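So you can see what is in the structure, the chains are spelled out below.
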Amino acid sequence: MKIVITGNMGYVGPTVVAHLRSVFPNVEIAGVDSCFFGHSLTNVDRLPEVSVDVQHFADVRDLKSDVFDGADVVVQLAAISNDPMGNAFEAVTMDVNAQAAVRIGQLAKQSGVSRLVFASSCSVYGFAEKEAKTESSAVNPLTAYARSKLAAEEGLSGLASDGFIVSCLRFPTACGMSPRLRLDLVLNDFVASAIAQGRIEILSDGTPWRPIIDTKDMARGIEWAIRRDARLGNRFEAINVGRDDANYRISELAEAVARQFPSVEVEIRRAAAPDKRSYRVDFARYRALAPDYLPTVSLEQSIGELKDGLLAMGFADRKFRESTHMRLNVLRGLVSRGVLDDQLRWAARGRPA
Ligand SMILES: NC(=O)c1ccc[n+]([C@@H]2O[C@H](COP(=O)([O-])OP(=O)(O)OC[C@H]3O[C@@H](n4cnc5c(N)ncnc54)[C@H](O)[C@@H]3O)[C@@H](O)[C@H]2O)c1
């Protein structure tokens, strides 16, 4: 089997590649990434990309069909991957996350690929505090990022056929340790704050709902989508991937972190503006279709692994929110230095050698 995976050089990608390697022993993996964050490594002894057979340093907006020659599966992770980056680079977000994603779907299908897995997001639900959202609930994408994921799902749905099975996995907010760690994710931020600042400050009143998933469980969801029997579901699935009991309030996440740091206190800014994003998600369909792939990593385990990983790095940066552990800061820095242009394309002098 040959798998082409876009966006393999980000936060989630290395974990996905490692998992696919372990569950498909003879797989050939080709990575495709523009390498925005290639240098943003945690303290690892080897590049995670050593694990792929071929690495294309390419922009998904420019891909040609030869990348998919002989491929069976395409996994699409490449994206402008959160709300702050989506707000800062709105047009690029739609180009990369939606237009390029659908074009890749077309190229892959024409090339004989039989499975496409797209990393979508539960943020398409926007604000949904009353009832947990199922796949048939109304969507309410509030940001450029969420709108781009929905547009990609819509475009990809038209491509699905008996020979081209499409799975859009609506993931909750990711968490967990990674060779390319991000601290712009709620749980990761709380653990970093506990270590570096000795306190956890919640920048809202703490009540918003935020389902989460460990990157290792995202990887298992992708494995399911690669293996799934389309006769049990549909040729096109846009499905919530996660666990019902991992719908947490922000304050519950902070308290769970504090339990692993006895001297750390949680400060809630009750006067803060309400967080516009708050949603609970129903994962019944995933439970029914993927009973062997349900998330297994507990909240305590994710926190423990982040704690161990950050301590092993000697992490102590009190100003980490201004650091390159935040993806938007990396992109802004590259653009301000003229290495990337404002369309997030490598300027000639910044092109990777
Ligand atoms: N992290 C989360 O909380 C979360 C939650 C739900 C869904 N997702 C989705 O999962 C996927 C992976 O997320 P992540 O956290 O690893 O994101 P990330 O930003 O860390 O990694 C994305 C990767 O895509 C690459 N990329 C971006 N634009 C590209 C382009 N034009 N051409 C080629 N490569 C490009 C980047 O270089 C980067 O390596 C994304 O699609 C994201 O939207 C993430």
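Above this text you will find the structure in question.
This write-up is about the structure you can find in this document. Note on numbering: residues in each chain are counted from 1, in written sequence order. Thresholds applied to this predicted model are a pLDDT of at least 70 for local features of residues and 80 or more for the giving and counting of side-chain atom pairs; totals over whole chains, interfaces and linings are not thresholded and use all residues. For the side-chain quantities, the full set of heavy atoms in the structure was used; hydrogens and water were omitted.

Positionally, Thr93 belongs in helix 3 (residues 90–110). In this scheme, a residue with accessible area under 20% of its type's maximum is buried, one over 50% is exposed, and one in between is partly exposed, where area comes from a 1.4 Å probe on protein chains only. For Thr93, a relative accessible area of 0% translates into the label buried. Residue contacts follow a heavy-atom distance rule, with two residues in contact if any of their heavy atoms lie within 4.5 Å. Leave out the neighbours within four places in its chain, and Thr93 touches Ile80, Met85, Gly86, Ala98, Ala144, Tyr145 and Ser148. A run of DSSP states H or I qualifies as a helix once it reaches four residues; a run of E qualifies as a strand once it reaches two. Both are numbered from the N-terminal end.

The next point concerns unusual backbone geometry. Backbone geometry places Cys35, a non-glycine residue, at a positive phi of 75 degrees. By the secondary structure assignment, Cys35 is in the loop between strand 2 (28–33) and strand 3 (54–57). Look at Cys35 and you get buried, because its relative accessible area is 15%. Here Leu344, not a glycine, exhibits a phi torsion of approximately 60 degrees, which is positive. Mapped onto the elements of the fold, Leu344 is located in the segment after helix 10 (327–336).

This brings us to the site of the ligand. The criterion for a residue being near a molecule or strand is simple. One of its heavy atoms has to lie within 4 Å of it. Neighbouring the ligand are 30 residues; Asp33, Ser81, Tyr145, Ala174 and Arg327 lie closest to it. For this analysis, a polar contact is any N or O atom pair within 3.5 Å, provided that within protein one partner can donate a hydrogen and the other can accept it, and provided that sequence-adjacent residues contribute only side-chain to side-chain pairs. Contacts to the ligand include Tyr11, whose backbone N or O atom sits 2.9 Å from an oxygen atom. Listing elements by their share of the shell around the ligand, those giving two or more residues are strand 5 (115–121), helix 4 (144–157) and strand 8 (173–175). Residues are grouped as follows: Ala, Val, Leu, Ile, Met, Phe, Trp, Tyr, Cys and Pro are nonpolar; Asp, Glu, Lys and Arg are charged; all remaining types, including Gly, are polar. Among the residues forming the shell around the ligand, the class breakdown is 18 nonpolar, 6 polar and 6 charged.

So, on to the pattern of salt bridges. Salt bridge criterion: a side-chain nitrogen from Lys or Arg within 4 Å of a carboxyl oxygen from Asp or Glu. The tally for this structure, following the rule as stated, stands at 20 salt bridges. The residue Asp62 makes a salt bridge to Arg345 at a minimum N-O spacing of 2.9 Å. Placement of the pair is Asp62 in the loop between strand 3 and strand 4 (73–76) and Arg345 in the segment after helix 10, with a sequence separation of 283 residues. Here Asp62 falls in the partly exposed class, since its relative accessible area comes to 41%. The residue Arg243 makes a salt bridge to Asp245 at a minimum N-O spacing of 2.6 Å. A relative accessible area of 53% places Asp245 in the exposed class. Via salt bridges that share partners, Arg199, Glu201, Glu267 and Arg269 belong to a single interconnected network.

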